[in-house]
Amino acid sequence: MDAARLIVVTGATLAMIIGLVLVFLRLKAKNQGFGLNSLRALGTVLLIPTLLILATVSEFKVETLAALFGTVAGYILSRSEPEGKSAKTESASGGSKTN
């Protein structure tokens, strides 16, 4: 492995570790557990550096890497609801009707 690849792999690994620490510290500061948005943040912190490592080290074709990056972009940009919104939607639509 040449020096440039080693630097990229080391940097991406450090980005993963620092990102994980920051997500966990943020969850602890807000006194929250794992939910949809926190899992999305963890997935993003792990997936993007992993793709960077794959693009650098492996011999994937450009089309394959573009498909992987597109999948991650869709995952990141997909709609996420704030916590508690689904419960509000049910009560607003009359989820517990009594006759």
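Rules and cut-offs
- Residues numbered from 1 in each chain as written.
- Predicted model: local features only at pLDDT ≥ 70, side-chain atom pairs only at ≥ 80, totals over all residues.
- Heavy atoms only, no water.
- Helix = DSSP H or I, 4+ residues; strand = E, 2+ residues; numbered from the N terminus.
- Polar contact = N/O pair within 3.5 Å; in protein donor to acceptor, adjacent residues only side chain to side chain.
- Contact = heavy atoms within 4.5 Å.
- Patch = residues over 30% accessible without salt bridge, like charges linked within 9 Å, V, L, I, M, F, W, Y side chains within 5 Å.
- Areas by Shrake-Rupley, 256 points an atom, 1.4 Å probe, with all protein chains shown as cover.
- Salt bridge = Lys/Arg side-chain N within 4 Å of Asp/Glu carboxyl O.
- Buried < 20%, exposed > 50% of the residue type's maximum accessible area, 1.4 Å probe, protein only.
- Axes fitted to C-alpha atoms, helices over the stretch in contact; angles between N-to-C directions.
- Parallel < 35°, antiparallel > 145°, perpendicular 65-115°, else oblique.
- Nonpolar A, V, L, I, M, F, W, Y, C, P; charged D, E, K, R; others polar.
- pLDDT = per-residue confidence, 0-100.

A separate point is the side chain of Ser38. Examined against the element boundaries, Ser38 turns out to sit in helix α2 (residues 36–57). Here Gly35 takes part through its backbone nitrogen, which lies 2.7 Å from a polar atom of the side chain of Ser38. Once residues within four sequence positions are removed from consideration, Ser38 is found in contact with Leu27 and Gly33.

A cluster of nonpolar residues, Leu14, Ile17, Ile18, Val21, Leu22 and Leu25, forms a patch on the protein surface that exposes about 560 Å² of accessible area. Looking at the element boundaries, Val21 is found in helix α1 (residues 3–29).

Counting across every chain of the model gives one salt bridge. Across the pair Glu59 and Arg5 runs a salt bridge, and its minimum N-O distance is 4.0 Å. A residue pair is termed long-range when its members are at least 10 positions apart, and Glu59 in the loop between α2 and α3 (62–77) and Arg5 in helix α1 qualify at 54 residues. Judged by relative accessible area, which is 69%, Glu59 ranks as exposed.

What follows covers the packing of α1 against α2. Closest axis-to-axis distance for the α1/α2 pair is 9 Å, and the angle between their directions is 180°. Overall, the two elements α1 and α2 adopt an arrangement that is roughly antiparallel. Side by side, α1 and α2 meet where Arg5, Val8, Val9, Ala12, Thr13, Ala15, Met16, Gly19, Leu20, Val23, Phe24 and Leu27 of the first sit next to Ser38, Ala41, Leu42, Val45, Leu46, Pro49, Thr50, Leu52, Ile53, Thr56 and Val57 of the second. A breakdown of the residues in the contact of α1 with α2 according to their chemical character gives 17 nonpolar, five polar and one charged.

Attention now moves to the confidence of the model for the protein. When pLDDT is averaged along the protein, the result is 80; 78% of the residues meet or exceed 70. Model confidence for the protein, summarised as mean pLDDT per element, is weakest for helix α4 (residues 85–92) at 53 and strongest for α1 at 92.

Tracing the backbone through its elements, the reader meets Ala66 in helix α3. Judged by its relative accessible area of 48%, Ala66 falls in the partly exposed class. C-alpha of Ala66 to C-alpha of Ala55: the two residues are eleven residues apart in sequence and 9.9 Å apart in space.

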